[in-house]
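Chain residues, written in single-letter form:
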Amino acid sequence: MINMAKPQIGPEEKQAVLEVLDSGILAQGPRVKAFEEAFASMCGVGYAVATTSGTTALHVALLAHGIGPGDEVITSPFTFIASANSVLYTGARPVFVDIDPKTFNIDPAKIEAAVTAKTRAIMPVHLFGLCSDMDAILEIAQKHHLLVIEDACQSHGAVYKGKKAGSFGTGAFSLYPTKNITSGEGGMITTSDAGFADECKVIRQHGMRVRYYHDELGYNFRMTDIQAAIGLEQLKKLEKFNQKRQANATLLSGALKGVQVPTIPEGYEHVFHQYTVRVDGNKRDALRKHLQERGVGSEVYYPVPVHKQNYYVKNLGYDGSFPESEKAAAEVLSLPVHPGLSSAELATVAAAVNEFMAG
Ligand SMILES: *Cc1c(COP(=O)(O)O)cnc(C)c1O
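**Focus: the environment of threonine 79**
Now for step 1: Structurally, the position occupied by threonine 79 is in the loop between β2 (72-75) and α4 (82-89).
Now for step 2: The exposure class assigned to threonine 79 is buried, which follows from its relative accessible area of 4%.
Now for step 3: Between the C-alpha atom of threonine 79 and that of phenylalanine 128, which follows or precedes it by 49 residues, the distance is 9.4 Å.
Now for step 4: Setting aside chain neighbours within four positions, we find threonine 79 in contact with Val125, Leu127, Asp151, Tyr302 and Val306.

Here it is as structure tokens:
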């Protein structure tokens, strides 16, 4: 079976973990600090704050900006549930804006109509490894005095007009095993605001600035040094991993017939967290079944847009319609693109798709 993801763990990660185990410092310690510094440097920002997951990175980022009950955060409905759930955790309400069907990212032309007196932030999701249209988003944010919190959980190292994902305001990354780099589980907040980074660290550690004095409500969202040791080694390989993903994507786009291959707009560097094609809605599930029979993994990211999820409809009363997101949910199929694939495996993926689409 050609799998959708395969964490690339080498002798460096194994050695680094053993060193932590021998060091006696297992919880948050010097390796977390080193990982934060290296991650900030990769993004071109001043500070990074490690957490337990991408979800908690988003949650802490929202809290540290003071977002809570009564506030609204504009985001995409075509994303993993964590983008919107992190807003719910704070007591604020996610407000959805439909996507651009070519990029799968939030359509800036539709954002202003969703801005109200309650809007505090825009949370663009850089889906599949492609940045959102940040110039347009930053212009709207500036005009309406809104924060920009990037859900960069799928876009480690992605570039928009010379700047890295996570460097446009506040960034949040995931280090889950299927992401472009991993620490097992883990998350990272990026910012160039020292005061904001400090507030994130306080919330991460039970609202504590002075040991056992608690001025606000916080959480235990600390990363362990074991995770950070893995993450540090992975970060050194990120550029190489992303180059391999890009080369794999170029190969697939050159070979595939009968499906709509991913768009890379001018000035963007796509890091292909997922390689996602569009297939006629009536054929998508049959193609997936055909690939399965040929030993080729594939996945639908995501079959149900957030505004159509049961919890959002039944418990939160969402009844909006976002036709581009709904159409994408019916047509998308992600194919294997991870850096562990051989050229023979990529050829098998392309041949299996082409065989079905020609038939
Ligand atoms: C993975 C992901 C998250 C959440 O990250 P976890 O580490 O799994 O908590 C949030 N948003 C998007 C777009 C993601 O892909």
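Back to the text.
**Thoughts on the nonpolar core**
Now for step 1: Grouped together as the largest cluster of nonpolar side chains are 42 residues, with contacts concentrated most on Phe35, Phe39, Ile74, Ile111 and Ile122.
Now for step 2: Only α2 (30-43), β1 (47-51), α5 (134-143) and α7 (225-255) provide two or more residues apiece to this core.
Now for step 3: Broken down by element, this core gets its largest block of residues, 6 residues, from α2.
Now for step 4: Each of two domains, domain 1 (11-232) and domain 2 (239-358), supplies a minimum of three residues to this core.
Now for step 5: Counting residues in each nonpolar core, the second largest holds 35 residues, with Val277, Val300, Ala329 and Val353 among its members.

**Thoughts on the side chain of serine 155**
Now for step 1: By secondary structure assignment, the location of serine 155 is in the loop between β5 (147-151) and β6 (159-160).
Now for step 2: A relative accessible area of 0% places serine 155 in the buried class.

**What about the side chain of glutamate 199?**
Now for step 1: When you line up the elements, glutamate 199 lands in helix α6 (residues 194-204).
Now for step 2: Every residue in contact with glutamate 199, bar those within four places of it in the chain, is listed here: Ala64, Arg209 and Glu216.

**A word on the pattern of salt bridges**
Now for step 1: Per the stated rule, a full pass over the model turns up 19 salt bridges.
Now for step 2: A salt bridge links glutamate 36 to arginine 204, with the shortest nitrogen-to-oxygen separation between them at 2.8 Å. Here arginine 204 lies in helix α6 and glutamate 36 lies in helix α2, a separation of 168 residues in the sequence.
Now for step 3: When its relative accessible area of 6% is taken as the criterion, glutamate 36 is described as buried.
Now for step 4: The exposure class assigned to arginine 204 is buried, which follows from its relative accessible area of 5%.
Now for step 5: Between aspartate 107 and lysine 110 there is a salt bridge; the shortest N-O distance is 3.8 Å.
Now for step 6: Look at aspartate 107 and you get buried, because its relative accessible area is 16%.
Now for step 7: Salt bridges here are not isolated pairs; linked through shared partners, they connect Asp198, Glu199, Arg209 and Glu216.

**A few points about the pairing of strand β8 (residues 170-174)**
Now for step 1: For β8, the buried fraction is high: 5 of the 5 residues fall into the buried class.
Now for step 2: Burial along β8 is two-sided: the residues Thr170, Ala172 and Ser174 and Gly171 and Phe173 are all buried.
Now for step 3: For β5 and β8, the ladder comprises 3 bridges, and the chain directions are parallel. Bridge pairing in β8 links isoleucine 149 to threonine 170.
Now for step 4: Taken together, the 4 bridges between β8 and strand β9 (residues 187-191) define a ladder with antiparallel strand orientation. If you follow glycine 171 over to β9, its bridge partner there is threonine 190.

**Here's the deal with a nonpolar patch on the surface**
Now for step 1: A grouping of Leu18, Leu21 and Leu26 is seen on the molecular surface, where their side chains present a nonpolar patch of about 270 Å² in accessible area.
Now for step 2: Turning to its location among the elements, leucine 26 is positioned in the loop between α1 (11-23) and α2.
Now for step 3: Its relative accessible area of 40% is what places leucine 26 among the partly exposed residues.

**Details of the sheet that holds strand β12 (residues 268-269)**
Now for step 1: Ordered in space as β7-β6-β12, the 3 strands form an open sheet in which the pairing is antiparallel. Because the sheet does not close on itself, it has two edges, and the strands there are β7 (163-164) and β12.
Now for step 2: Of the strand pairs in this sheet, β6 and β7 are connected by 2 bridges, and their pairing is antiparallel. Its bridge partner being in β7, valine 159 is matched across the sheet by lysine 164.

Calculation rules
- Residues numbered from 1 in each chain as written.
- Predicted model: local features only at pLDDT ≥ 70, side-chain atom pairs only at ≥ 80, totals over all residues.
- Heavy atoms only, no water.
- Helix = DSSP H or I, 4+ residues; strand = E, 2+ residues; numbered from the N terminus.
- Buried < 20%, exposed > 50% of the residue type's maximum accessible area, 1.4 Å probe, protein only.
- Contact = heavy atoms within 4.5 Å.
- Core = buried A, V, L, I, M, F, W, Y, C linked by side-chain atoms within 4.5 Å.
- Domains from an automatic or database assignment.
- Salt bridge = Lys/Arg side-chain N within 4 Å of Asp/Glu carboxyl O.
- Pairing = 2+ DSSP bridges.
- Patch = residues over 30% accessible without salt bridge, like charges linked within 9 Å, V, L, I, M, F, W, Y side chains within 5 Å.
- Areas by Shrake-Rupley, 256 points an atom, 1.4 Å probe, with all protein chains shown as cover.

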